[in-house]
2 protein chains.
Amino acid sequence: MEREKIRKDITIKDVAKRAGVAISTVSRVLNGLDKVSPRTEKKVREAVEELGYVQNVLAVSMVTGQTKTVLMAVPDFTNDFNGSVIQGAEEYLKEQGYTMLICSTKDFGEEDFENLYRRFSKLAEGILVVPANPDRMDYGRWEKPLVLVDVYRPQEDYYTIEIDNAGGTFLLTEELIKNGHRKIALVGGLPDETASGQRVAGYLEALKAYGIPVDKRLMVPGVHFEDTGSRGMERLLDLPEEIRPTGVVAVNNLTCIGCMKALAGRGMRAGREISLAAFDDHLLARYSVPAVTVIERPTIEMGREGARVLLELLRGRRPEQKRLIMESRLLKRDSVKRL
Amino acid sequence: MEREKIRKDITIKDVAKRAGVAISTVSRVLNGLDKVSPRTEKKVREAVEELGYVQNVLAVSMVTGQTKTVLMAVPDFTNDFNGSVIQGAEEYLKEQGYTMLICSTKDFGEEDFENLYRRFSKLAEGILVVPANPDRMDYGRWEKPLVLVDVYRPQEDYYTIEIDNAGGTFLLTEELIKNGHRKIALVGGLPDETASGQRVAGYLEALKAYGIPVDKRLMVPGVHFEDTGSRGMERLLDLPEEIRPTGVVAVNNLTCIGCMKALAGRGMRAGREISLAAFDDHLLARYSVPAVTVIERPTIEMGREGARVLLELLRGRRPEQKRLIMESRLLKRDSVKRL
DNA sequence: TTGTAGGCGTTATCAT
DNA sequence: ATGATAACGCCTACAA
């Protein structure tokens, strides 16, 4: 098999020749580590300029062992939460002179993770992960610094960037209760030991705190996808009048969107025929009429912090804490009707 | 307790020693290019397995000159159009054994592009760009295969993935006209020779085709950001009754969102107090009540096609055509009121 | 201060 | 069929 090279690049050797010095001298002025006489430095800089020399980062990585590259793995890029996290992380990495590799892990099976590992383990110094729901990745495999954004799995102990999940759904549920709701449904969430499970727990805590009995018929479990939301809402709307909820809590942005889709399909709107409160702010929640009450998370900041902690790790420092819990807040809007 | 030294990575040399063969032999079975006896192959494979050897892609790139890596540059990751394009491109690249590097170019100045070039030119074999609006990037700099998604700049001739911009706004405007509208505004768009200018042109063509005089007061030019949309809509709503438009065309997703935001701020909705039709489908347009009439583009496919064309180029093949114009279509919904 | 030379982990080209 | 070995482009002791 023949491998053709596009064009011979200018190398450090060419620069050295042009400047009439040794390549080590060029390397020295480029990296500015060692002392070089002003005169030689000038000659070298001129040669670099004239030839338009650009360092070959691959060769540098080979010898230094540092790729200055980080892998970011997210379920997919069409989810605006992921987009924001990426945005924050990428900005920070760029500032710090790091480059971001990226990979979407939606529908990944064991074999895919194997490939992911093979392709990136030697290329990325560390890895920043936004886990899928459900999460099938084997983190133990990576013997590199790894930071998880938006997850909490108590059985392992990685560095994580989180928010208070239970507290969020508690606030959402409480908001409905305070507005006179008693028949409150929960759409999405799985009763496991992850962020999802915490959100379910928060809902249950709120009901308990206000002495409202749990009605299993009002809980529609499911993964955090749009489909869970739309089907869930359909199911709830079809409940007989006396059971049918007056308020609904959606566990995340996608399930919320699903709920709104189902409502739209029947010509209904959140805040009119039924009340809705959800985790995560997004376009639809923000600009719908009525706008939807949500828990807002500092998504961009979560990405930034994830990248920051990862770089701390890469630099051999020990971050202040394993779990970084970020602030989120309730944004009261008009989708919760006063009963 | 004794601590282990930092584990040196397993290299091809270790595998060779373990299998009792030369490194070139290991390389041969790994790449399967040359003939190797079944017996040696077995020994090597076992050694690889036992040591958990993973190829160092950097070293491979060094010698082959191929990084199997592509850079994708987008304005930002929070825009869902960009997210979809990335999704499509990343999927295709992954299928083809390529890795994606990523960089957001929002607010990039000349110096930033310089850095972008220095950091990636030796790392990426090609580059896939979703240009910003306005677009400040100097494409000529990259002496590598380059594909532009969602742009058309007639003065240069790069490979591009486009849609019929003028046709899109024509359809949008026509839809309003057909529903009895005569005072039709345009929000966003700049009268230049890019996709943006084409969208303005389509609007003008439609008015002309139906014999409706152009009213400059109903045209609110601007870059394709949310702010342009919200301010534009505000301005239009404040126009005296006799001039005020009954229908509005927004040039893209962000300006449309801005328009809807402005409406929401006044408790108004598209399809009620005023009609709205816009370029690009998105969450808010889809699930609002009423839902917004839009031009839908095959965003994921645009990303895939961009990646495909780029790989064609990288493989030395000549893509069928310089400009690939993809199909888009009008999605009639309920934001255009029959007058 | 500057130059020489030995790697970094592979592939590919020679021999054998 | 297999083994040696020269690149790839750069950094970094070590020499000079």
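- Within an unreviewed UniProt entry, the label attached to chain A reads LacI family DNA-binding transcriptional regulator, and the organism entered is Fusibacillus kribbianus.

### Some details on empty space enclosed by the protein
Part 1 of the reasoning: Scanning the entire structure with this criterion turns up three cavities of 30 Å³ or more.
Part 2 of the reasoning: In this model, the largest cavity occupies a volume close to 190 Å³.
Part 3 of the reasoning: Lining the largest cavity are 20 residues, and of these Arg269, Ser288 and Val289 of chain A together with Ser288 and Val289 of chain B sit closest to its centre.
Part 4 of the reasoning: Contributing elements (two or more residues each) for the lining of the largest cavity: α10 (253–265) of chain A together with α10 (253–265) of chain B.
Part 5 of the reasoning: Across the lining of the largest cavity, the residue classes break down as 16 nonpolar, two polar and two charged.

### Considerations on the relation of the copies chain B and chain A
Part 1 of the reasoning: For the pair chain B and chain A, the relating rotation is 180 degrees, the translation along its axis is 0.0 Å, and the fit reaches an RMSD of 0.1 Å. As the rotation angle and translation indicate, the two copies are arranged about a two-fold axis.
Part 2 of the reasoning: Counting the interface residues of chain B, we find that 91% of their copies in chain A are interface residues as well, pointing to one common contact surface.

### Let's talk about the UniProt feature "domain: HTH lacI-type" (unreviewed entry) in chain A
Part 1 of the reasoning: UniProt annotation of "domain: HTH lacI-type" (unreviewed entry) refers to residues 10–64 of chain A when read in the numbering used here.
Part 2 of the reasoning: What you have in residues 10–64 of chain A is 71% helix and 0% strand, and the ends, taken at the C-alpha atoms, are 21 Å apart.

### Comments concerning the protein's contact with DNA strand D
Part 1 of the reasoning: Around DNA strand D sit 26 residues, and of these Ile12 and Tyr53 of chain A together with Thr25, Arg28 and Thr40 of chain B come closest.
Part 2 of the reasoning: Close to the protein, within 4 Å, the atoms of DNA strand D belong to sugar or phosphate groups at a rate of 68%.
Part 3 of the reasoning: Tyrosine 53 of chain A places a side-chain nitrogen or oxygen 2.5 Å from a phosphate oxygen of DNA strand D.
Part 4 of the reasoning: The separation between a phosphate oxygen of DNA strand D and a polar side-chain atom of threonine 25 of chain B is 2.5 Å.
Part 5 of the reasoning: Those elements that place two or more of their residues in the surface near DNA strand D are α2 (23–31) and α4 (57–64) of chain A together with α2 (23–31) and α4 (57–64) of chain B.
Part 6 of the reasoning: Partitioned by chemical class, the residues of the surface near DNA strand D number 13 nonpolar, eleven polar and two charged.

About the cut-offs
- Residues numbered from 1 in each chain as written.
- Chains lettered and ligands numbered in written order.
- Predicted model: local features only at pLDDT ≥ 70, side-chain atom pairs only at ≥ 80, totals over all residues.
- Heavy atoms only, no water.
- 1 Å grid on protein atoms, 1.4 Å probe; cavity = no way out; pocket = protein on both sides within 12 Å on 5 of 7 lines; lining within 4 Å.
- Points joined across faces, edges and corners; volume = space filled by probe spheres on them.
- Helix = DSSP H or I, 4+ residues; strand = E, 2+ residues; numbered from the N terminus.
- Nonpolar A, V, L, I, M, F, W, Y, C, P; charged D, E, K, R; others polar.
- Least-squares fit on C-alpha atoms with pLDDT ≥ 70 in both.
- Contact = heavy atoms within 4.5 Å.
- UniProt positions renumbered as here; feature names shortened; annotations may be inferred.
- Near = heavy atom within 4 Å.
- Polar contact = N/O pair within 3.5 Å; in protein donor to acceptor, adjacent residues only side chain to side chain.

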